[in-house]
Amino acid sequence: MAKITYVDHDGTERVVEAKNGETVMEAAVKNSIPGIDADCGGACACATCHVYVDQAFMDKVGEQQEMEKSMLDFAENVQENSRLSCQITISDELDGLRVTTPESQH
Amino acid sequence: MDLSDAKKIVILGGGQAGAQAIQSLRMGGYEGAITLIGDEPSLPYQRPPLSKAYMKGEFAEERLFFKPAAWYEDNNVELILSTPATRIDRKNQTIEMAHGAHVEYDALVIATGSRPRSLPLEGANLENVHDLRGLSDVERIQPQMIEGRNIVIIGAGYIGLEAAAVARQMGLSATVLEMAPRVLARVTSPVMSEFYEAEHRRQGVDIRTNARLARLEGKDGKVTAAILEDGTSLPADLVLVGIGILPNEELANEAGIACNNGILVDRDARTSDPRIFAAGDCASRPLVHYGRSSRLESVHNAIEQGKLAAAAILGKPRPPEDCPWFWSDQYDLKLQIAGLSQGYDQIVLRGSPEERKFAAFYLKNGTLIAVDAVNSAPEFLASKKLIMMGAKVEPDTLSDTTVSMKDIAAAAAA
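Residues numbered from 1 in each chain as written. Chains lettered and ligands numbered in written order. Predicted model: local features only at pLDDT ≥ 70, side-chain atom pairs only at ≥ 80, totals over all residues.

Another point: the overall build of chain A. Within chain A one finds two helices and five strands. Order of helices (α) and strands (β) in chain A, N terminus to C terminus: β-β-α-β-α-β-β. Taken against the 2.2 N^0.38 rule, which gives 13 Å for 106 residues, the C-alpha radius of gyration of chain A at 12 Å falls within 12% of a compact globule. If you line up chain A on its principal axes, its C-alpha atoms span 30 × 30 × 25 Å. Within chain A, residue pairs in contact and separated by at least 24 positions form 66% of the contacts whose partners lie at least 6 positions apart. (Helix = DSSP H or I, 4+ residues; strand = E, 2+ residues; numbered from the N terminus. Rg over C-alpha atoms; globule rule 2.2 N^0.38 Å. Contact = placed C-beta atoms within 7 Å.)

Turning next to the interface of chain B and chain A. Taken together, the contact between chain B and chain A spans 22 residues of the former and 19 residues of the latter. When residues of the side of chain B that touches chain A are traced back to their parent elements, those giving at least two are helix H7 (299-314), strand E22 (325-330), strand E23 (333-339) and helix H8 (377-389) of chain B. If you tally residues by element for the side of chain B that touches chain A, the top one is H8(B), at four residues.

For the rest of this paragraph, the subject is the nonpolar core. Grouped together as the largest cluster of nonpolar side chains are 152 residues, with contacts concentrated most on B:Ile110, B:Val239, B:Phe277 and B:Ala279. In this structure, B:Ala279 is in contact with B:Ala17, B:Ala21, B:Val109, B:Ala111, B:Ala269, B:Ala302, B:Gln305, B:Gly306 and B:Ala309, ignoring residues within four places of it in sequence. (Core = buried A, V, L, I, M, F, W, Y, C linked by C-beta atoms within 7 Å. Buried ≥ 20, exposed ≤ 12 C-beta atoms within 10 Å, placed from the backbone.)

Residues and elements named next belong to chain B. Sheet architecture is open: five strands sit in the order E22-E23-E26-E25-E24, paired in antiparallel fashion. At either end of the open sheet lies a strand with only one pairing partner, and these are E22 and strand E24 (346-352). Averaged over all pairs of adjacent strands, the angle between their axes in this sheet comes to 15 degrees, without regard to strand direction. By the bridge criterion, seven bridges tie strand E25 (residues 357-364) to strand E26 (residues 367-374) in an arrangement that is antiparallel. (Pairing = 2+ DSSP bridges. Axes fitted to C-alpha atoms, helices over the stretch in contact; angles between N-to-C directions.)

To continue, consider unusual backbone geometry. All names here are of chain B. Notably, Asp 220 is not glycine yet its phi reads approximately 50 degrees, a positive angle. Looking at where Asp 220 falls in the secondary structure, it is placed in the loop between strand E13 (213-219) and strand E14 (222-228). Of note, Asn 375 is a non-glycine position whose phi angle comes to about 50 degrees, a positive value. Summarising the element assignment, Asn 375 is placed in the loop between E26 and H8. Look at Asn 375 and you get buried, because 20 C-beta atoms sit within 10 Å.

Turning to the pairing of strand E5 (residues 97-100) of chain A, a few remarks are in order. All names here are of chain A. Side chains Leu 97 and Val 99 project from E5 onto a buried face, and the interleaved Arg 98 and Thr 100 project onto a face without burial. Of the strand pairs in this sheet, strand E1 (residues 2-7) and E5 are connected by four bridges, and their pairing is parallel. Counted as the bridge partner of Tyr 6 is Val 99 from E5. Here strand E3 (residues 50-53) pairs with E5 via two bridges, running antiparallel. Looking at E5, one finds that Val 53 is bridged to Val 99.

All names here are of chain B. With four of its five residues buried, strand E1 (residues 8-12) lies for the most part within the structure. As paired strands, E1 and strand E2 (residues 33-37) are joined by five bridges and run parallel to one another. Paired with Lys 8 across the strands is Ala 33, a residue of E2. In this fold, the crossover linking E1 to E2 by way of helix H1 (residues 16-27) has right-handed handedness. As paired elements, E1 and strand E7 (residues 107-110) share four bridges and run parallel to each other. (Right-handed = clockwise from strand over helix to strand, strands pointing away.)

Taken as a whole, chain B shows an average pLDDT of 96; of its residues, 100% reach a score of 70 or greater. ipTM for the predicted complex: 0.88, alongside a pTM of 0.95. (pLDDT = per-residue confidence, 0-100.)

Residues and elements named next belong to chain B. Domain boundaries assigned for chain B yield domain 1 (8-115 + 245-314), domain 2 (118-241) and domain 3 (332-413). Here domain 2 and domain 3 have C-alpha centroids that lie 31 Å from each other. The interface of domain 2 with domain 3 comprises six residues on the first partner and seven residues on the second. Its residues placed into classes, the side of domain 2 that touches domain 3 shows three nonpolar, two polar and one charged. (Domains from an automatic or database assignment. Nonpolar A, V, L, I, M, F, W, Y, C, P; charged D, E, K, R; others polar.)

Following this line, the structure appears as structure tokens:
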């Protein structure tokens, strides 16, 4: 289990209890977090679950695979802490994770 | 028709489109009643993993569900599951259900999806002959996916080929029978067909194109073999039929709503009855980037039309319409498709099939209309943008891997 805080682009915070094994995207969708569209349901096929990962967690969320890298390359407003949330799997280690959603996924 | 004072909305069908419509209605601020009527017993779930990771057992069942049960309660969505709707009574604005009860609506979203085309041959009803459409199908198939067994797959479309990949990865011996001269004949070009056929062969799948299936043979009611017209007998412990799907348009049709290979809708997903919308596999919609109407069998389409219907009911601006897009996972190959390639007059290749990383661009009169991108996300994403712009792109530029797709898209937008 991990508590995940989703911060939207105007600063509103929403805290979700996420289960180990599901992804940061899935926890968001199941809890109707606005700002994460996830149009492909987590297949790394659409790049609509873009988030900014809190710096303190950058070394805990795992490495980007090549597919994710190239998908992100086409997202809007990419930063060095940009990730696709469907590619981050929840574990105890991520308890307290904060991610911020961009203004738009398209 | 202004439906923004609707108090009772009924969603018919709990697939991707229906689930999206519900989500978009609530996110859009609608506070009235929502009733979902679905004939399956489970909460709305996503189908793509059924022929991929879920079939392989690599994807927990609860991850298939869009929302947990509590979400529907918290959001005041009434779920009527395991219950086929039997009639749309437009005069009284009610839906009749199999058990005799009915539900009233001010606005209705038909998201009844599609059903697998059944095999019109002797032996199709034998035990261990399966379709692959719903969770209950996978529950039947999965226990039979045992190393060393023989699976015969009828139809080399995406479902058939994805299942063949899973079967090989699980150690089954897999045969794919295809009537057409090549795999994926209905959906892609010969160059892609050739690539996928070679890949499946390399992975040990026995692919038989131009195959004429005569019948399925069984013993004690269970399938044992697939018999071809030339007499060839292929041993089968289980058979998977993947020969296309048909839209579930009967309820709409019987209610006098205009249908023509799908329930006809306008850009807002509205049918010929202004209170009734149709979304997903069951609908035939205008394709704004192609100047024609068609059914689309895809997640993107289901989501988009679910959003379009919800926005139209709530009187909100029409959400953006993407060009159609699709994906298919087979082995370590991620195929991403943007656009519709029908009617192309030129194919341009970028990258190399040998390296399992390439794209086939489809042009018509110099305009990019579609791409099949294998392990090539930039080609897919840039093409989506280019297709929506209606961009003309020089074939030599597209094939030049020293020019990035990002630059190509940027140049076209300039």
